[in-house]
Amino acid sequence: MIKSITLLGSSSGRNAGDAALIAGIMDSVDRRLGRRVSYEIPTINPRYIRECYDNETVPVGMMPWQMSVKMLGLPTWRSIMRTDLTLIFDAILFDRSLYNPLFNFLSSLYLMLPRAKRAGKKMAYMNVGAGPVTTPAGQRMLRELSELMDFIAVRDQSSYDILAGLGVKNPNMVTAADSALTCPAHDKKVDELYKAAGIDPSREILAVNVNRYLDTWAGTGRPSMGREAFVNVYREALNKVWREIRAPIVFISTQHHDVEITKAVMDSLNPEIPRGHITNTTCDHYDIKGAAGRVGLLFGMRLHAIILTSSAGAPVCGLRYQPKVEHYLRTLGMEEQVLKFDDFNPDAMAAFILKNWRDRHALRERLKVVIPRQSALADATSLFVEAIDQGRPAADARPAFEAVRGSVSA
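Computed from a predicted model, the values in this text were never measured in an experiment. (Residues numbered from 1 in each chain as written. Predicted model: local features only at pLDDT ≥ 70, side-chain atom pairs only at ≥ 80, totals over all residues. Heavy atoms only, no water.)

**Here's the deal with the overall build of the chain**
Across its full length, the chain holds 16 helices and 15 strands. For a compact globule of 410 residues, the expected C-alpha radius of gyration is about 22 Å, and the chain comes in at 21 Å, within 12% of that figure. Oriented by its inertia axes, the alpha-carbon framework of the chain measures out at about 65 × 40 × 40 Å. Evaluated residue by residue, the chain yields a buried proportion of 61% over its 410 residues. In the chain, 70% of the contacts between residues at least 6 apart in sequence involve partners at least 24 apart. A gap of 3 Å separates the mean positions of the 51 positive and 44 negative side-chain charges of the chain. (Helix = DSSP H or I, 4+ residues; strand = E, 2+ residues; numbered from the N terminus. Rg over C-alpha atoms; globule rule 2.2 N^0.38 Å. Buried < 20%, exposed > 50% of the residue type's maximum accessible area, 1.4 Å probe, protein only. Contact = heavy atoms within 4.5 Å. Lys, Arg positive; Asp, Glu negative; His and termini not counted. Charge placed at Lys NZ, Arg CZ, Asp CG, Glu CD.)

As structure tokens, this is what we get:
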């Protein structure tokens, strides 16, 4: 019987999407097992882990004075060895800055998990996004780690294809969906949040989510356009959009790092435009999802801003700052709701937002169909945890999982 689980991924509390993903995983496992499990979560922000979840969480500090360099160190190692199962989650399996443990977790996992596996510990990928991996060392690390896992549940087909392309032979590898889909929304404070932001919550609202990475991860093959040009495109495009629809604009930030660039875009707009800012610097992930679910349309960059909004039933369209944005929208049958940086100019961006604004009611109806299916698929990954909990091989859960996936695809 599983009494405790270590969750390894992005868990600083600074990213509402990652926080929602953690909540979705814990809720799903607790429901499946019919009891509350204790979750040890290595983090640089113990307060958030301790206070901002509805589950039984145990923060594991990973600061330098605790003999840790981010995830790499004694606190994480001891947690892995202490708990009954380790679950790796989120988009941490990439090889950018591979040997920098302050930024990259793949190399840290590679140093710890093989030794833990030899000691008989159970481990799995649950709700991961794989890649990009472009270096021979990164590809080797990811391939070897993947073969150690008791099961692998990736959140999109692209991640599955990356692992398969690396030659991963793990027989318990499946494509699921993002667990942030199942994170509940807290609706009680939504009106209060909008009023505090200076937005009338009774009006239909255009939401915008901006990412400080700009186009640096977009794979355009050219140098980044830079902050000034980026802000100018947003300013001109949103001014054009407002002249057409006259809707207030709420900027929703799901990552602390994005607040500065978001304020730069907000401050650049036509002074006549009613605007406000709702940010996870003052709200938790449950409140962010509640607020996002109220909008008429979100034009977003960060993947989990789009996931939280769409899973709350509100229409979305996205700017492809990373391939994962396009991958997610494709799973919803909404690949036309993606704007690429090759088309990132004021006229094209304004036309894209306006088209999706006109289509927002049809998009909302589509989400009513596809989101429950994707949420069921995300929840089904806990079937593998249930098998391990019952002392059975993870492979025993494969038929039940595939039955759920079949019903989603039908």
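**With respect to the pattern of salt bridges**
In the structure shown here, the tally under the stated rule is 25 salt bridges. Close ionic contact of Glu51 with Arg47 constitutes a salt bridge, the shortest N to O distance being 3.1 Å. Here the residue Glu51 and the residue Arg47 both occupy positions in helix H2 (residues 46–51), the gap between them amounting to four residues, near one helical turn. On the basis of relative accessibility, which here comes to 52%, the residue Glu51 falls in the exposed class. Several salt bridges converge on common partners, so that one network encompasses Arg320, Glu326, Arg330 and Lys340. (Salt bridge = Lys/Arg side-chain N within 4 Å of Asp/Glu carboxyl O.)

**So, the environment of Thr331**
You can see Thr331 is positioned in helix H12 (residues 323–331). Placed 287 residues apart in sequence, Thr331 and Ile44 show a C-alpha to C-alpha distance of 33 Å. Looking at Thr331, its side chain comes within polar contact range of the main-chain oxygen of Tyr328, at 2.5 Å. (Polar contact = N/O pair within 3.5 Å; in protein donor to acceptor, adjacent residues only side chain to side chain.)

**Some thoughts on the layout of surface pockets**
Approximately 1000 Å³ is the volume found for the largest pocket. Lining the largest pocket are 41 residues, and of these Ser10, Asp18, Ala91, Phe94 and Tyr213 lie nearest its centre. Elements represented by at least two residues in the lining of the largest pocket include exactly strand S6 (85–93), strand S7 (123–130), helix H6 (157–165), helix H11 (303–311) and H12. Broken down by class, the residue content of the lining of the largest pocket amounts to 16 nonpolar, 15 polar and 10 charged. (1 Å grid on protein atoms, 1.4 Å probe; cavity = no way out; pocket = protein on both sides within 12 Å on 5 of 7 lines; lining within 4 Å. Points joined across faces, edges and corners; volume = space filled by probe spheres on them. Nonpolar A, V, L, I, M, F, W, Y, C, P; charged D, E, K, R; others polar.)

Purely spatial values, then, with no claim about function.
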